[in-house]
Amino acid sequence: MTSRLERVVKQRLEKLQRIRARGIDPYPHSYHRSHTAQEALAIFRQREKSSEAVSAVKVSLAGRITASRFMGKVAFLDIRDGSGKIQLYFGRDPLGEDKYKLLRDLDIGDIIGAEGKLFQTKSGEISLEVNDFTILSKSLQPLPEKWHGMVDVEKRYRQRYLDLITNEETKPIFIMRSRIIAAVRHFLNERGFVEVETPALQPQAGGALAQPFITHHHALDEDLYLRIALELHLKRLIVGGLDKVYEIGRVFRNEGISTKHNPEFTMLESYEAYADYNDVMSLVEYMFLTTAREVLGKAEISFNGQLIDFTPPWPRLSLQEAVGNYCGLDFEDYPDTSSLRSRMMELGMEVDPAKQRGRLIDELISTCVEPNLIQPTFLLDYPVEMSPLAKRKRGNERLVERFEVFIGGMEVANAFTELNDPLEQRERFRRQLEVRAVDAEVETVDEDFLLALEYGMPPTGGLGVGIDRLVMLLTDKQSIREVILFPQLKAKQ
């Protein structure tokens, strides 16, 4: 039995054949568009205000048909382009009988170009009175039902092009994303940072605690890793004398998928010579504030029903204090993995036996602390085993100078006073290798990076910001899939 979709496609193919039988190319190479829909509407309104001759406004527009209404000798079609919607008016007499009949072979979803004069209908809608039109692309597949829109969430992600066509609220999210990234770039460029690019394919996956993706290079006959962080190559550039560098790039982690995690995501990492994590805190505060003001025009945002204020200074809370307040334990009282694991189990927490002390503390943060940090907050000073690339805290050798930023109950940034002692860095890597047998998500030894440190790296403040999560905040979206154009999904069988 033929499905409705098959019948619709068959009808559209028949229309395509009729169009071609007329000698018309339904997929021409180009079309000259004089204005976008919004530009045309703005021109009409401006002329109307200044009492200029509106009838003299002649334009050529192009867009996708989203609605059609036939009323005897006239027809109304709505088209939408990247700027918005405008109504087209077709009269049988001005167009001629043959051209007017061609309208019957058009469908919702087709893309057309139209020329004519702007006017205002009796109902007050600014429209284009068409004296000629051109078929630019015949759509063979029907769009989702107009009144229902595209409500299948998985289909929206798999077929983002349909989501963009049918759901008016989708496109502004990604326009906003572009503006956010541009604002961050401008902020850093204005402060003398140099944007660079580093390899996505690397002989070793370092710079973070994460499982990498592995691929094979046939010409080299070597396994390579998709980068899990930007850090180690950017710090090589600090060694080389580029004192302020940053990169906005894709990183890849072979880990779980959730509302906050996608296997590939966008990171900003910046490094500044002669700075420490206190300097980076100030940089972060003003980067977020400036970005919010530039894209939203204000310092306050609404996220998940909460009003969040980016105005500095942000609260600074020690990790030890936060875990004590929200988890009910002082991790300094449990100096090894077994004692901390036992205490967490006493508190009713599920504990992965493969996780070492640093990763258990990270579990405490994500379970107990993170959901409570709604306003922008710096969480400071982490145990040394959690941060093999960070410098020890002045006055407390058991901790490092590291902070994470939490906003809206999620982590959005991570920063260190960078470890620049090559001998201590090698020893930190060695200790990481000792636990690698039970926990694969530990830092590996990058000999080339260690060699670079031996040439001397100045004191440096480093920062990583999750761009996708920043976009989530500024667009008030609770799922990372809403702010990534093509999120990773399990392949359909």
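Attention here is on the structure that accompanies the text. (Residues numbered from 1 in each chain as written. Predicted model: local features only at pLDDT ≥ 70, side-chain atom pairs only at ≥ 80, totals over all residues. Heavy atoms only, no water.)

Before going further, it helps to spend a moment on the sheet that holds strand 8 (residues 213-217). An order of 7-9-8 is seen for the three strands of this open sheet, with the pairing classed as antiparallel. Only two strands of the sheet have a single partner each, and these edge strands are strand 7 (201-202) and strand 8. Relative to strand 9 (residues 222-226), strand 7 runs antiparallel, the two sharing two bridges. Across the sheet, Gln-202 pairs through a bridge with Tyr-225, a residue of strand 9. (Pairing = 2+ DSSP bridges. Helix = DSSP H or I, 4+ residues; strand = E, 2+ residues; numbered from the N terminus.)

Our next topic: the packing of aromatic side chains. This model, assessed by the stated rule, comprises eight aromatic pairs. Judged by centre distance (6.0 Å) and plane angle (70°), the rings of Phe-288 and Phe-310 are edge-to-face. A residue pair is termed long-range when its members are at least 10 positions apart, and Phe-288 in helix 9 (residues 277-296) and Phe-310 in the loop between strand 13 (306-309) and strand 14 (316-318) qualify at 22 residues. Residue classification places Phe-288 among the buried positions, given a relative accessible area of 2%. Take Phe-310: its relative accessible area is 0%, and that puts it in the buried class. By way of ring pairs, the aromatic residues Phe-288, Phe-310, Trp-314, Phe-378 and Phe-403 are connected into one cluster. One cation-aromatic arrangement involves Arg-104 over Phe-70; the distance from NZ or CZ to the ring centre is 3.9 Å. (Phe/Tyr/Trp six-rings, centres within 6.5 Å; stacked < 30°, edge-to-face > 60°. Buried < 20%, exposed > 50% of the residue type's maximum accessible area, 1.4 Å probe, protein only. Lys NZ or Arg CZ within 6 Å of the ring centre and 35° of its normal.)

This paragraph deals with the nonpolar core. Ranked by size, the top nonpolar core spans 49 residues in total, and within it Phe-288 and Phe-403 carry the most contacts. Of all the elements, helix 9 adds the most residues to this core, at 10 residues. Here Phe-403 is in contact with Tyr-277, Val-280, Met-281, Val-284, Phe-378, Leu-379, Leu-380, Tyr-382, Ala-413, Asn-414 and Ala-415, once residues within four sequence places are set aside. Counting 44 residues, the second-largest nonpolar core is a separate cluster that includes Val-251, Leu-364, Tyr-382 and Met-457. (Core = buried A, V, L, I, M, F, W, Y, C linked by side-chain atoms within 4.5 Å. Contact = heavy atoms within 4.5 Å.)

If you want to describe how two helices pack, look at the angle between their axes and the distance between the axes. Between helix 8 (residues 231-239) and helix 14 (residues 447-454), the shortest axis-to-axis distance is 9 Å and the interhelical angle comes to 20°. The angle between helix 8 and helix 14 falls in the class roughly parallel. Considering only the axes of helix 8 and helix 14, their crossing is left-handed. Residues Leu-232, Lys-235, Arg-236 and Val-239 of helix 8 pack against Asp-448, Phe-449 and Ala-452 of helix 14. Residues that form the contact of helix 8 with helix 14 fall into these classes: four nonpolar, no polar and three charged. (Axes fitted to C-alpha atoms, helices over the stretch in contact; angles between N-to-C directions. Parallel < 35°, antiparallel > 145°, perpendicular 65-115°, else oblique. Left-handed = near helix turned anticlockwise from the far one by under 90°. Nonpolar A, V, L, I, M, F, W, Y, C, P; charged D, E, K, R; others polar.)

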